[in-house]
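Residue-level structure breakdown
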Amino acid sequence: MRARTNTKRRRWPPGKARLKALIEEAILDAYNESEQRTGFYTMLDEHLDTPFDTRILGAVATVERIDMTEDEQIVAICRRGRLRQAIPILDLPLPDPRPGVAEWIEAYRHWAVPD
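Given the structure is predicted, the values throughout are model-derived calculations rather than measurements.

Side note on the confidence of the model for the protein chain
When pLDDT is averaged across the protein chain, the result is 88; 90% of the residues are at 70 or more. Low pLDDT, under 50, characterises residues 1-8; the predicted model gives this stretch 15 contacts beyond four residues in sequence or across chains.

Encoded structure:
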């Protein structure tokens, strides 16, 4: 079982220096974009506290886990009742309070969609 991380101590949204440090940690030793994306997937999978609930189109859904599709898109596997759907992590609304280590999602968003 993963250890829970107290996110209330961290600034939200994370500052540019913090995002840069997370990005550097995720892409360390990655030689191309595919390897960098895999690095982010690994960090998200290892550090993100799941399951957690969020609202998607006004309905509460549970984010069960993070996955990577064959076309290397990082997705959140969401469940509502018996229904399951993969939502791109770039589109996933974060609840308040945020799940532990949600800053990894922000770091990935910052890397994938630069200013």
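Quick word on the sheet that holds strand E3 (residues 74-80)
With antiparallel pairing, the four strands of this open sheet are ordered in space as E1-E2-E3-E4. Of all strands in the sheet, those with a lone pairing partner are strand E1 (52-56) and strand E4 (83-88), marking the two edges. Mean inter-strand twist for the sheet, computed between neighbouring axes without regard to direction, equals 45°. With six bridges joining them, strand E2 (residues 59-68) and E3 adopt antiparallel strand pairing. Bridge pairing in E3 links Asp 67 to Val 75.

Describing the packing of helix H1 (residues 16-27) against helix H3 (residues 103-112)
Direction vectors running N to C along H1 and H3 enclose 85°, while the axes themselves pass 9 Å from each other. Taken as axis vectors, H1 and H3 run roughly perpendicular relative to one another. Here Arg 18, Leu 19, Leu 22, Ile 23, Glu 25, Ala 26 and Ile 27 of H1 come into contact with H3, specifically with Glu 103, Trp 104, Glu 106, Ala 107, His 110 and Trp 111. Among the residues making up the contact of H1 with H3, the classes are represented as eight nonpolar, one polar and four charged.

Some details on the packing of aromatic side chains
Within this structure, the stated rule accounts for three aromatic pairs. Three or more aromatic residues link up through ring pairs in this structure, and these residues are Phe 40, Tyr 108 and Trp 111.

Here is what the cut-offs are and how they apply
- Residues numbered from 1 in each chain as written.
- Predicted model: local features only at pLDDT ≥ 70, side-chain atom pairs only at ≥ 80, totals over all residues.
- Heavy atoms only, no water.
- pLDDT = per-residue confidence, 0-100.
- Contact = heavy atoms within 4.5 Å.
- Pairing = 2+ DSSP bridges.
- Helix = DSSP H or I, 4+ residues; strand = E, 2+ residues; numbered from the N terminus.
- Axes fitted to C-alpha atoms, helices over the stretch in contact; angles between N-to-C directions.
- Parallel < 35°, antiparallel > 145°, perpendicular 65-115°, else oblique.
- Nonpolar A, V, L, I, M, F, W, Y, C, P; charged D, E, K, R; others polar.
- Phe/Tyr/Trp six-rings, centres within 6.5 Å; stacked < 30°, edge-to-face > 60°.

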